[in-house]
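# Commentary on secondary and tertiary structure
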There are 2 protein chains.
Amino acid sequence: MSQPSAYQALTASFTRLHRYGHLAAMVSWDQATMMPPKSNDARAAAQAELQVLMHATLTAPALAVQLQQAEQEPLDTLQRASLREMRRAWQQANLLPASLVEAQALAGARCEHAWRSQRPANDWAGFLENFREVVQLSRQEARLLAEAQGCSPYDALMEKYEPGMRSVDIDRIFSAVKQWLPGLISAVMDKQSHEHVLPPQGSFPVEQQRQLGLSVMKLLGFDFDAGRLDVSVHPFCGGVPEDVRITTRYREDDFMQSLMGIIHETGHARYEQGLPHALLHLPVGQARSMGIHESQSLSFEMQLGRNPAFLALIAPLIRQHLGEQPAFAADNLALLYSRVRPGFIRVDADELCYPAHIILRYEIEKALIEGEIEAEDIPALWDEKMQAYLGVDTRGNYRQGCLQDIHWTDGSFGYFPSYTLGAMYAAQYFAVMRRGMPDLDQRIAAGDLSAVTDWLQQHIWSQASQYSTAELIEQATGEALNPEYFRAHLQARYLG
Amino acid sequence: MSQPSAYQALTASFTRLHRYGHLAAMVSWDQATMMPPKSNDARAAAQAELQVLMHATLTAPALAVQLQQAEQEPLDTLQRASLREMRRAWQQANLLPASLVEAQALAGARCEHAWRSQRPANDWAGFLENFREVVQLSRQEARLLAEAQGCSPYDALMEKYEPGMRSVDIDRIFSAVKQWLPGLISAVMDKQSHEHVLPPQGSFPVEQQRQLGLSVMKLLGFDFDAGRLDVSVHPFCGGVPEDVRITTRYREDDFMQSLMGIIHETGHARYEQGLPHALLHLPVGQARSMGIHESQSLSFEMQLGRNPAFLALIAPLIRQHLGEQPAFAADNLALLYSRVRPGFIRVDADELCYPAHIILRYEIEKALIEGEIEAEDIPALWDEKMQAYLGVDTRGNYRQGCLQDIHWTDGSFGYFPSYTLGAMYAAQYFAVMRRGMPDLDQRIAAGDLSAVTDWLQQHIWSQASQYSTAELIEQATGEALNPEYFRAHLQARYLG
């Protein structure tokens, strides 16, 4: 019997990591959906221990040798891509000392847990006490990653979520958006001021909303034998590809946000459920990036979900679960779901205002990580930018201001640009789909969602991480990321 | 700075193990309550990986050295007890090769998962295919443990659940029970044939039963900030002491079993929640044994729960949640919950028939592990013993016969005696309590459950594993296990 190759040895290590990742994903889901408060310290300690273990597995000296040796082995194209992704995961881990990884896990868990009660209490001062440590540790992380990768600290963090993307690119894209977005928002609000829209008349009991959500998930092809829908304060898509756990939150006076939130998370979920099963244990079999991930949720929420053809399709489901009322006519639902109204909350934002929320967060977190501002400067900057970009006054309103998102609580700086990149990728996919299927809206209205999901399965989900984001977009759409598709989509939907 | 002592080094390793155990407990709970079916293979692989890791942690060569060195260190009484329990955990693990541990985890998960659908399908033949491997691996385990510990294979397995107990003791205790139990059962059934009992009129919606269960848990002092109630096919108490997860199952045509099941699991839960917090990370801070654990659940279910004084206390809660009806009068509830009726299902058995279910399982599993019978012999033996002990015909009825319990599916042989030992310990506790508090029943009826729970907290929960089971019972009750208290309790309650 011959020795296992270095590539085979690496496969064994990454399979082990995949299983540890399964444990980490499930207890994180539990923490956000099920866990009672007094368990927090024990859970945080167990999660930190697991992070240390995963870090130790990725930093074992043998891996460095095996990665070198595997480069010399006769590998096929898929194995080469697999090796590249292994190396990427290895580098991310090996640039950071275990003590920092553990300190970040602990500080993040503490800050996030306290935030769950500080946010409703509007307690910025209390939050700041934990948050300063999170920022300080993230800066350490960013500095270490940046020195090794030869990029800026913020770019080094963004690399974790959207490999290959740089803030010079984001700056260019976002400054263009800032040129045309305010004008577009006011033109649309002006146009909509003449529209007659019927508001839905509540209340809408939680159980009925849940049943509606489940039926829309079913329509969208969510596999309930490989996933669940639950409730959490901050909706997310978690779990593992074999068992995708999405969450939402319900308000009895408004079903619309929760329903669209479920459609958003179902987009994430179908990406995970559509990844190639034979590769799930390896980095190459995992989702490409968070930008691509958001492009799936936003394909579902924005491109599909707010499309009048889709709303006509689900209008009967809404009436079935929530009862008949004039507001549930398909035309009125389309007006409701395209309503542009600047507001406080990112996750509740309409399609047009959303990029403004992202640009604001991007600018603040970049300055924070680069050391240009400190944590205590955030509220003033938040107020200023909300006023400038959306004309909204957030002074003293931390709850609906800078305390609203979970991302910063555990140090996930560099993630936010993924949302708007995702919206842009999604607009580009649908432009290509429409080119090949001019009757796309008729198909959607007729319930043939496979027109959309087959395309995504073929071009995105089944590709996993075999290609870089840039290659994936090029192969799927025939060109590089082109933000013009996003602008054209918004123009057509809101002023067309 | 001085070197950390060997005892300190051991403490660090066992703290790590405690955190891994947290992960294992939570994903096991999730598997039984939340997990969708297609996740089974990925979950089983992740759980097996974690078992291997825990086993590797316990078998690290340094531990053997540290255990030796710590014996020579100046330790206080508690540290000595702690060291003894560390050594016990270490021995259990070091007698088994990692390959066997992994094979057992995988075979057990496969068998248990398939059983979840095979049981309702009455599919003994299908079950047998997986079960043969479980038995074969458990025999290997038993043989390895027995050789090292100088006891019989079955005793070696029982040692995992009730350290110090031997089958020669169990044989003596159970053969005495077999002498008086059948006569007692018929005398009680004869007496009860003259009683007039009103059956409850259902149905009882699940959500109302759940609310009733929650209110009784609250009355019993369950800490909802450190635990939850959920649903599973086979009710259990899982999770960790900081976060105790109990489950039940509901039938709309019968609330009585579910309610008493919740009271049973709440007994387990309060033991866990009452363990000394400062010691939870060490073996000495954990529950003493499964026999002692069952003595808590049965103190709650049998001694307290079926006590007419307690039923008078909760009768108003039952009426509040399930509506008024004559059957919910306190006297009638006492008759209902003391009804003796031989039946198929262990977990639904009344207090008198329960020991017969246990003796049957004990005799079969002992013969199976000792190699006197094979897995395929179980149904015939089951039929014969159910007929002999309870006069019940189970032929061909695997679903309500030998397929009913989860214990054998994952190889938990040696556990069953714990239930009847627990019932006997519980009877002994209450005899002692009554000696000190002749007005115990009046206190209970008045809602003063602290009379019971303070005694258990002081004598059992707070003691954790500082003493052996025999010492614990001796200190708590002033004498060794004395099955006569159990017999006297049954006589008094059912013929008194």
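Residues numbered from 1 in each chain as written. Chains lettered and ligands numbered in written order. Predicted model: local features only at pLDDT ≥ 70, side-chain atom pairs only at ≥ 80, totals over all residues.

## Quick notes on the overall build of chain A
Assigned secondary structure in chain A consists of 20 helices and three strands. At 23 Å, chain A has a C-alpha radius of gyration in line with the 23 Å of a compact globule built from 496 residues. Along the longest, intermediate and shortest principal axes, the C-alpha atoms of chain A span 70 × 50 × 45 Å. Sorting the 496 residues of chain A into buried and exposed places 45% on the buried side. (Helix = DSSP H or I, 4+ residues; strand = E, 2+ residues; numbered from the N terminus. Rg over C-alpha atoms; globule rule 2.2 N^0.38 Å. Buried ≥ 20, exposed ≤ 12 C-beta atoms within 10 Å, placed from the backbone.)

## Details of the sheet that holds strand β1 (residues 227–231) of chain A
Residue and element names in this part refer to chain A. If you walk across this open sheet you meet the three strands as β1-β3-β2, and the pairing is mixed. At either end of the open sheet lies a strand with only one pairing partner, and these are β1 and β2 (237–240). Here the average twist between neighbouring strands, direction ignored, is 20°. With four bridges connecting them, β2 and strand β3 (residues 243–248) associate as antiparallel partners. In the strand pairing of β3, G239 is matched with V244. Strands β1, β2 and β3 of the sheet are contacted by helix α1 (residues 6–33), whose axis makes an angle of about 140° with β2. (Pairing = 2+ DSSP bridges. Axes fitted to C-alpha atoms, helices over the stretch in contact; angles between N-to-C directions. Contact = placed C-beta atoms within 7 Å.)

## Regarding the relation of the copies chain B and chain A
Each of the two copies of the chain can be brought onto the other by a rotation about an axis and a shift along it. At an RMSD of 0.0 Å, chain B and chain A line up after a rotation of 180° and a shift of 0.0 Å along the axis. The relationship between the two copies is best expressed as a two-fold rotation axis. By residue overlap, the copies meet face to face through one surface: 100% of the interface positions of chain B are interface positions in chain A. (Least-squares fit on C-alpha atoms with pLDDT ≥ 70 in both.)

## A few points about helix α19 (residues 469–477) of chain A
Residues and elements named next belong to chain A. For α19, every residue scored as buried is listed here: T469, L472, I473, A476 and T477. When α19 is viewed along its axis, its buried side chains cluster within an angular range of 100° and face the same direction. On its buried face, α19 sits against α11 (290–305), α16 (417–436) and α18 (450–459). G478 lies just past α19 and shows a positive phi near 85°. (Arc of directions from axis to C-beta.)

## Looking at the nonpolar core
All names here are of chain A. Membership of the largest hydrophobic core comes to 117 residues, with the highest contact counts inside it found for V216, I359, A423 and A426. In terms of residue count, the dominant contributor to this core is α16 (ten residues). Structurally, this core is a two-domain feature, drawing no fewer than three residues from each of domain 1 (6–151) and domain 2 (152–496). Residue contacts for A423: discarding those within four places in its chain leaves L298, M302, Y354 and F486. (Core = buried A, V, L, I, M, F, W, Y, C linked by C-beta atoms within 7 Å. Domains from an automatic or database assignment.)

## Details of the environment of F14(B)
All names here are of chain B. Relative to the elements of secondary structure, F14 occurs in helix α1 (residues 6–33). Residue F14 is classed as buried on the basis of its C-beta count, with 24 C-beta atoms lying within 10 Å. Measuring from C-alpha to C-alpha, the distance between F14 and K366 comes to 32 Å, with 352 residues separating the pair along the chain. Excluding anything up to four places from it in sequence, F14 contacts M86, H281, L282 and P283.

## So, the interface of chain B and chain A
Contact with chain B, which involves 27 residues of that partner, is made by 27 residues of chain A. Ranked by residue count, the leading element in the side of chain B that touches chain A is α1(B), at eight residues. A per-class count over the side of chain B that touches chain A returns 15 nonpolar, three polar and nine charged. (Nonpolar A, V, L, I, M, F, W, Y, C, P; charged D, E, K, R; others polar.)

## Things to note about unusual backbone geometry
Look at the link from G202(A) to S203(A): it is a cis peptide, with omega at 5°. Tracing the chain through its elements places S203(A) in the loop between α8 (167–192) and α9 (206–219). Backbone geometry at A464(B) places phi at a positive 45°, although glycine is not the residue there. Secondary-structure assignment places A464(B) in the loop between α18 (450–459) and α19 (469–477).

## Focus: the sheet that holds strand β3 (residues 243–248) of chain B
Residue and element names in this part refer to chain B. A sheet is described by the order of its strands in space; here three strands give the open sequence β1-β3-β2, paired in mixed fashion. Two strands close off the open sheet at either side, each with one partner strand: β1 (227–231) and β2 (237–240). Recorded for the sheet is a direction-independent mean angle of 20° between the axes of neighbouring strands. Contacts from helix α10 (residues 256–274) reach β1, β2 and β3 within the one sheet, and its direction differs from that of β3 by about 165°.

## Re the domain arrangement of chain A
All names here are of chain A. Here chain A is partitioned into domain 1 (6–151) and domain 2 (152–496). One C-alpha centre belongs to domain 1, the other to domain 2, and the line joining them spans 25 Å. On the domain 2 side, the residues contacting the 45 residues of domain 1 number 40 residues. Put simply, the parts of the chain that give the side of domain 1 that touches domain 2 at least two residues each are α1, α4 (77–94), α5 (98–118) and α6 (124–149). At 15 residues, the largest contribution of residues to the side of domain 1 that touches domain 2 is made by α6. Taken together, the residues of the side of domain 1 that touches domain 2 sort by class into 23 nonpolar, 14 polar and eight charged.

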